[in-house]
Structures are given as C-alpha cells and as structure tokens.
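Given next are the chains, with one letter for each unit.
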Amino acid sequence: MNYKWIPVSLLILVGIGAAAPKPSADLLILNAHIVTMDTKHPAATAAAIQGNHFVWIGESSEASHRFPKAQSIDLHGATVLPGIIDAHTHLIELGKSLIRLNLKGVANEQEAVERVKQRVSSAAPNEWILGWGWDEGKWASHYPDNHALSDVSPNNPVFLVGLHTFAAWANKRALELSGITKDTQDPAGGRILRDEKTGEPTGILLNHAQDLVEKHIPPMTLEQTEQALALAAQECIRSGLTSVHEAKVSAIMIDAFRDMIRQNRMPLRIYGMLDGSDSALVSQWLRRGPEIDPNHHLTVRAFKLFADGALGSRGAALLQPYSDAPQTRGTFITPEPAVYDLTRRSLQKGFQVCTHAIGDAANRTVLDAYARALSEVPQAHDPRLRIEHAQVLAPEDILRFAKLGVIASMQPVHATSDMGWAEQRLGPQRIKGAYAWRSVLQTGAHLPLSSDFPGETLNPFYGIYAAITRQDPQGNPPGGWYPDQRLTLDEALRGYTVEAAYAEFEERSKGSIEPGKLADFIVISDDITKLAPRDILSIRVLKTFVGGQLVFDTEAKQ
Ligand SMILES: [Zn+2]
C-alpha cells in the first residue's frame with residue numbers, strides 16, 4: 001500500500017484507534033485466585049480471553065463492566081496456574097504403554113491367558129498381540145511357559161512384557177518368528193529360560209534376551225502411532241500439561257502430529273526434538289530448516305542427542321571410576337566430535353541441540369563441544385543450546401552453563417527416585433554436584449523442569465513437591481536429601497512454566513498469564529501457595545484450557 005494517498009483524516013483515526021485499543025473478549029474467568037507467574041503483576045482475580053489469547057488480566061470487580069458481552073466462568077475462589085509445560089517427555093512411549101494389552105494386576109497365568117484369548121478374537125491374521133504389566137517379580141518363583149498362550153493364540157505372535165520390563169513372556173509363534181530355538185545362545189546381558197528336560201525355550205526371556213523378539217515386532221503404523229499419541233495426550237491434559245517438549249521425535253511421529261492437529265485431535269502443544277541418531281532425518285531437516293508454527297501447535301527446531309547412558313546401570317560417563325565399581329567409568333554413546341559436528345551444523349541452520357548428559361564426563365564433553373561450535377558460528381542468533389538432565393556436574397563445570405548460555409533441563413523426580421543408591425555410585429564428594437538444581441540456578445543459568453515420563457510419573461505436582469522438599473512422598477529422608485539444593489515453590493513453578501517456555505523459544509507466547517499470551521491455563525483443587533509441601537501431592541486438576549478452549553473438565557462426563 002502506498003501511504004501517500006491515504007487521506008490525512010483517516011490516518012488520524014487509525015492513530016487514535018491504535019493508541020487506545022479497547023479489546024473485546026469472548027470469555028471471562030471470574031473470582032479466581034490467579035497465580036500469573038508474571039513478575040510485574042503476580043496475582044489477579046479475573047482474566048479476559050479473546051480467541052486463543054488473554055487480552056486483559058485484572059480484578060473481578062472490574063471485569064464484568066469492561067466486558068459486558070463476554071460469557072463468564074465463576075471459579076468461586078479456585079486457584080489458576082499457567083498451563084504446565086513439561087520440558088522433557090516421551091509421549092510416544094506413554095502412548096505405547098496405553099495401547100498394549102494391559103495385564104497390570106492380573107492374579108495368575110490363567111487370567112492373563114484369558115485376556116490374551118479375548119484380544120486374539122478381534123485381531124487381524126498374523127497381527128502381533130503386545131501386552132504389558134504381569135508381575136515378573138511376584139511370579140519369578142513359578143514363571144509360566146508358552147503352552148497355554150500358544151493354545152489360545154496358535155497363529156498370532158504374542159509378546160507380553162513384565163511390569164518392570166525385566167522379563168517377557170512369548171508364545172510359540174513369537175519364538176518361531178524370532179528364530180529362537182533350543183540352539184540359540186543366550187545374548188550378552190540376557191537369558192532364555194529353557195525346559196529342563198528338552199532344552200526347548202519356555203517362552204520366558206530375561207533382560208536383553210527380550211531384544212531377540214522385539215526386533216521382529218513391526219514398527220507402529222501411522223494409525224497406531226496416532227492412537228498411542230492421542231491416549232497419551234489425554235493423560236497429559238488430565239494432569240494439567242498444556243505443552244510438552246518431546247525428547248526424540250521420528251519421521252512417523254511428525255506425520256502423526258500433523259494429521260492430528262489438522263483433524264483437531266491433538267489438544268497439547270508439541271515442541272519436537274528430532275532424533276539426532278537418525279542420519280537421514282537429520283540431513284533432511286538440516287536441508288529444509290526449522291519449522292516454527294505461528295499457531296504454536298507443533299514446532300520442530302531441535303535435535304536430540306545422547307552423550308551417555310544412565311547412572312543406575314553404570315552407563316553414565318564419569319571423569320573418575322564409579323565409587324562402587326572401580327573398574328568402570330561408564331560409556332559414551334555420542335562422542336565429542338559428533339556432538340560438536342551436529343551442533344555446528346544446527347547453529348548454522350537455526351536449530352537448537354538438546355543433548356542427554358548424565359555423568360560429569362558427559363556433561364563436560366558436551367559443554368566443550370557446545371563451546372567449540374558456538375565460537376565457530378558466532379553469527380548464530382540466540383542459540384539456547386540445552387543439556388538434558390545435567391545430572392552429575394563437576395564443580396568447575398557448573399558455572400559454564402550460565403557463561404555459555406546453555407540451558408540445564410533437569411528433572412526433580414530423578415533426584416528422589418535415585419537418592420537411595422546414587423551416592424553409592426558417586427561417593428560423598430561427587431554427590432554434591434549431582435541433581436544440583438540450586439547450584440545451577442544460582443549461577444544465573446536457565447532451569448526448565450520436567451518429568452521425563454513415562455519413566456517417571458507425569459503428575460507435575462509430584463515434580464514440584466520433589467523440587468521443594470527433595471523427599472519421597474512419605475516424607476523421607478526427614479529434612480530432605482541434600483536439602484541445600486531444594487528450590488522454593490516460586491522457582492519450581494517457574495521451572496514448569498516460564499523457564500520451560502524459554503527453553504522452547506516461546507517466552508513471548510507461553511509460560512505466564514498476561515495479556516497477549518496464549519490462554520493456556522489450569523484450574524486446580526487447592527491453593528498451592530498456602531499448602532504444606534506434603535499436601536501438594538494431593539492437588540487435583542479440575543479444568544485444563546488450551547488456547548482458551550476447555551479441553552479437560554472434571555465436571556464434564558468423560
Ligand atoms: Zn528422556
């Protein structure tokens with residue numbers, strides 16, 4: 001448009017209109033206790049929403065006459081928080097566990113076989129019957145064999161993983177398709193249980209022997225992927241999550257997310273970290289560049305790498321040997337040159353890199369790789385590189401997060417899950433730099449928090465409780481485990497809201513309740529700011545709103 005030709009009077013009108021915009025609203029939230037997480041305006045009792053966004057935050061007494069035409073919801077004093085952003089999740093794994101035949105709580109072999117029989121009756125020819133949840137610990141003294149399973153399912157392969165995934169129970173067809181016979185050797189780290197007389201495999205596979213079958217299970221179809229993601233997303237919105245950072249996304253998952261968003265079947269907002277070990281996926285995305293969704297449904301602008309393994313299984317890479325296994329320092333999965341190389345290419349193309357690092361050697365190596373790449377791509381604008389977990393840090397590395405602008409993406413529940421054995425692995429000195437949220441935060445680094453579900457519960461209030469107490473749900477140990485590292489409630493809430501939004505470059509649109517931001521928020525059962533820490537565990541989510549839409553409501557019939 002050529003502004004020269006616009007009459008002066010019209011310009012004045014436009015000018016006046018722009019100076020004093022009077023927003024209208026579709027929806028008013030009234031009589032609420034709103035914890036906004038906006039430092040300039042931390043509390044309010046009313047909010048006005050138009051379309052997807054908040055347009056006004058203030059007091060209930062003023063709201064109704066400001067917005068006389070809006071529909072309103074009276075919350076009768078209930079507490080409202082910004083929608084929880086879980087900065088490290090595995091939605092697809094949660095979904096897989098929800099679509100498998102659920103055997104949790106089955107009392108005995110007959111009951112499990114009966115459920116398989118029912119499932120087989122509706123299965124397609126040759127379709128794999130996948131289940132999970134029989135208790136391999138409880139049943140260890142009298143494991144079943146494959147006979148009853150094979151009788152009810154002679155043609156469909158059946159593979160039933162135990163509750164803790166240490167054992168699986170297969171039928172004859174599954175063993176055949178996997179080529180497991182009495183001549184098959186036990187794999188490293190696994191055992192094939194065999195009939196004492198005949199030597200034939202019984203159908204029970206322990207630990208890594210499960211992989212022998214798993215690699216023959218066909219990958220999920222697009223339809224199955226969508227079904228799994230839909231079930232997982234429902235769990236999330238019931239728990240108060242409105243956005244997740246999915247920490248390893250494959251090509252089929254991207255197709256599934258796109259489909260579901262198009263068909264309005266994905267209530268969650270997704271920030272995807274592409275699987276950095278899939279070289280075809282990596283080169284495809286480096287060629288095309290990041291995908292930043294102006295509607296904030298699905299943004300793909302990060303790669304996920306694994307520098308090392310886990311501390312419990314001694315796979316975390318340490319600078320010095322394990323205190324309880326002096327012959328090992330753990331193992332690297334992605335060595336420094338590969339982390340550096342992908343980081344350099346990512347910075348050139350505008351991608352973020354999120355690298356899993358547990359051990360102090362892994363964390364140092366990733367910081368080194370990031371520093372090298374950052375110095376070589378000085379034109380990279382606002383890179384926000386992340387380390388996922390940052391679990392064990394050498395004291396001299398803690399400062400480097402803030403210095404390099406590296407985000408420490410940490411999981412409060414990992415500390416309380418691991419506190420029973422972590423010090424045995426690390427000894428009394430190194431443990432001081434482990435799960436050291438406060439030490440990291442004090443340096444000025446960004447600290448988004450997350451659950452890492454389904455390895456841990458997705459309930460964010462459990463995470464907040466763990467962050468502020470460093471205790472298990474029973475209140476142990478008294479006073480908290482290394483309590484100097486506890487966070488305040490405000491710091492923990494920031495971790496699940498504004499800090500998590502920053503970690504996905506969305507701090508202008510998400511993470512707090514303020515005008516102009518997306519209307520993602522939850523209504524909870526209690527005033528979290530007034531509860532004793534233990535009672536935070538009992539908070540229930542009553543309503544979840546995403547983009548001003550009510551996507552979960554305890555009062556609605558589910
Ligand atoms: Zn993870």
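The structure this text deals with has already been given above.
Everything in this summary refers to the structure shown in the same document. (Residues numbered from 1 in each chain as written. Predicted model: local features only at pLDDT ≥ 70, side-chain atom pairs only at ≥ 80, totals over all residues. Heavy atoms only, no water.)

Next up on the list: the overall build of the chain. Helix and strand counts for the chain come out as 20 helices and 23 strands. At 26 Å, the chain has a C-alpha radius of gyration in line with the 24 Å of a compact globule built from 558 residues. For the chain, the C-alpha atoms occupy an extent of roughly 95 × 55 × 55 Å along the three principal directions. Within the chain, counting contacts between residues at least 6 apart in sequence, those at least 24 apart form 71% of the total. Total accessible area on the chain is roughly 25,000 Å²; 52% of this is exposed by carbon and sulfur atoms. Computed over 55 positive and 63 negative side-chain charges, the inter-centroid distance for the chain is 4 Å. (Helix = DSSP H or I, 4+ residues; strand = E, 2+ residues; numbered from the N terminus. Rg over C-alpha atoms; globule rule 2.2 N^0.38 Å. Contact = heavy atoms within 4.5 Å. Areas by Shrake-Rupley, 256 points an atom, 1.4 Å probe, with all protein chains shown as cover. Lys, Arg positive; Asp, Glu negative; His and termini not counted. Charge placed at Lys NZ, Arg CZ, Asp CG, Glu CD.)

Note the cis peptide between Phe453 and Pro454, where omega equals 10°. Relative to the elements of secondary structure, Pro454 occurs in the loop between α16 (437-442) and α17 (460-469). Here Arg314, not a glycine, exhibits a phi torsion of approximately 60°, which is positive. For Arg314, the position within the fold is in the loop between β17 (298-306) and α11 (336-349). Residue classification places Arg314 among the partly exposed positions, given a relative accessible area of 30%. (Buried < 20%, exposed > 50% of the residue type's maximum accessible area, 1.4 Å probe, protein only.)

In this section: the environment of Asp211. Position of Asp211 relative to the elements: it lies in helix α7 (residues 211-214). Between the C-alpha atoms of Asp211 and Asn52, which are 159 residues apart in sequence, the distance is 46 Å. A distance of 3.0 Å separates polar atoms of two side chains, one belonging to Asp211 and the other to His208. (Polar contact = N/O pair within 3.5 Å; in protein donor to acceptor, adjacent residues only side chain to side chain.)

Now for the coordination of the zinc ion. Taken together, the protein donors to the zinc ion comprise His88 (NE2), His90 (NE2) and Asp452 (OD), at separations of 2.1 to 2.3 Å. Classification of His88 by relative accessible area gives buried; the value is 1%. Owing to a relative accessible area of 17%, His90 belongs among the buried residues under this scheme. (Donors = N, O, S within 2.8 Å, 3.2 Å for Na, K, Ca; no water.)

Each pair of aromatic rings is reported with the distance of its centres and the angle of its planes. Scanning all chains against the criterion turns up ten aromatic pairs. Between Trp134 and Trp139, the ring centres sit 5.5 Å apart and the planes meet at 40°, which makes this aromatic pair tilted. Assigned by exposure class, Trp134 and Trp139 land together as buried. Arranged with centres 4.3 Å apart and planes meeting at 10°, the rings of Phe521 and Phe545 form a pair that is stacked. With a gap of 24 residues between them, Phe521 in strand β21 (residues 521-524) and Phe545 in strand β22 (residues 541-546) connect regions that are remote in the sequence. Overall, Phe545 belongs to the buried group, its relative accessible area being 2%. (Phe/Tyr/Trp six-rings, centres within 6.5 Å; stacked < 30°, edge-to-face > 60°.)

So, on to the sheet that holds strand β19 (residues 386-389). Pairing is parallel in the open sheet, where seven strands are placed in the order β8-β15-β16-β17-β18-β19-β20. Either end of the sheet is taken by a strand with one partner, and the two such strands are β8 (84-89) and β20 (407-409). For this sheet, the mean angle separating the axes of adjacent strands, direction not counted, is 25°. In this structure, β8 lies alongside strand β15 (residues 241-249), joined through four bridges in parallel fashion. The residue bridging Ile84 from the neighbouring strand is Leu241, located in β15. Packed onto the sheet, helix α12 (residues 360-376) meets β18 (352-357) and β19 and runs at close to 160° relative to β18. (Pairing = 2+ DSSP bridges. Axes fitted to C-alpha atoms, helices over the stretch in contact; angles between N-to-C directions.)

With that out of the way, let us pick up the nonpolar core. The biggest cluster of nonpolar side chains holds 99 residues, and the ones touching the most others in it are Leu91, Leu268, Ile387, Phe401, Phe461 and Ile528. The contact partners of Ile387, leaving out residues within four places of it in the chain, are Thr355, Ala357, Asn363, Val366, Leu367, Tyr370, Phe401, Val406, Ile407, Ala408 and Ser409. Counting 19 residues, the second largest nonpolar core, distinct from the first, contains Val106, Ile129, Leu193 and Leu206. (Core = buried A, V, L, I, M, F, W, Y, C linked by side-chain atoms within 4.5 Å.)

Extensive coverage of strand β14 (residues 201-207) is indicated by the burial of six of its seven residues. Examined bridge by bridge, strand β12 (residues 167-170) and β14 share three bridges and lie antiparallel to one another. Along β14, the bridge assignment pairs Ala168 with Leu205. Inspection of the sheet shows strand β13 (residues 190-194) paired to β14 by four bridges, in the antiparallel sense. Residue pairing in the sheet places Arg191 in a bridge with Leu206 of β14. Connecting β13 to the antiparallel partner β14 that follows it, the hairpin turn spans six residues, and Gly199 within it adopts a positive phi of roughly 80°.

Next up on the list: helix α8 (residues 222-238). Over its 17 residues, α8 extends 24 Å from the first C-alpha to the last, a length consistent with the 24 Å expected when each residue adds 1.5 Å. When α8 is considered as a whole, its buried residues turn out to be Thr225, Glu226, Ala228, Leu229, Ala232, Ala233, Cys236 and Ile237. Down the axis of α8, the sector holding all buried residues measures 165°, keeping them to one side. Positive backbone phi, approximately 90°, marks Gly240, located one or two places after α8. (Expected span 1.5 Å × (residues − 1). Arc of directions from axis to C-beta.)

A contiguous patch of negative charge, built from Asp183, Asp195, Glu196 and Glu200, is present on the exposed surface. As for its position among the elements, Glu200 is in the loop between β13 and β14. On the accessibility criterion, Glu200 (39% relative accessible area) is partly exposed. (Patch = residues over 30% accessible without salt bridge, like charges linked within 9 Å, V, L, I, M, F, W, Y side chains within 5 Å. Salt bridge = Lys/Arg side-chain N within 4 Å of Asp/Glu carboxyl O.)

The next point concerns the packing of α12 against helix α13 (residues 395-404). Close contact between α12 and α13 brings their axes to 11 Å; oriented N to C, the two are set at 30°. Put simply, α12 runs roughly parallel to α13. In terms of crossing hand, the pair formed by α12 and α13 is left-handed. Two secondary-structure elements touch here, α12 through Asp360, Asn363, Arg364, Leu367, Asp368, Ala371 and Leu374 and α13 through Glu396, Asp397, Arg400, Phe401 and Leu404. Residues that form the contact of α12 with α13 fall into these classes: five nonpolar, one polar and six charged. (Parallel < 35°, antiparallel > 145°, perpendicular 65-115°, else oblique. Left-handed = near helix turned anticlockwise from the far one by under 90°. Nonpolar A, V, L, I, M, F, W, Y, C, P; charged D, E, K, R; others polar.)

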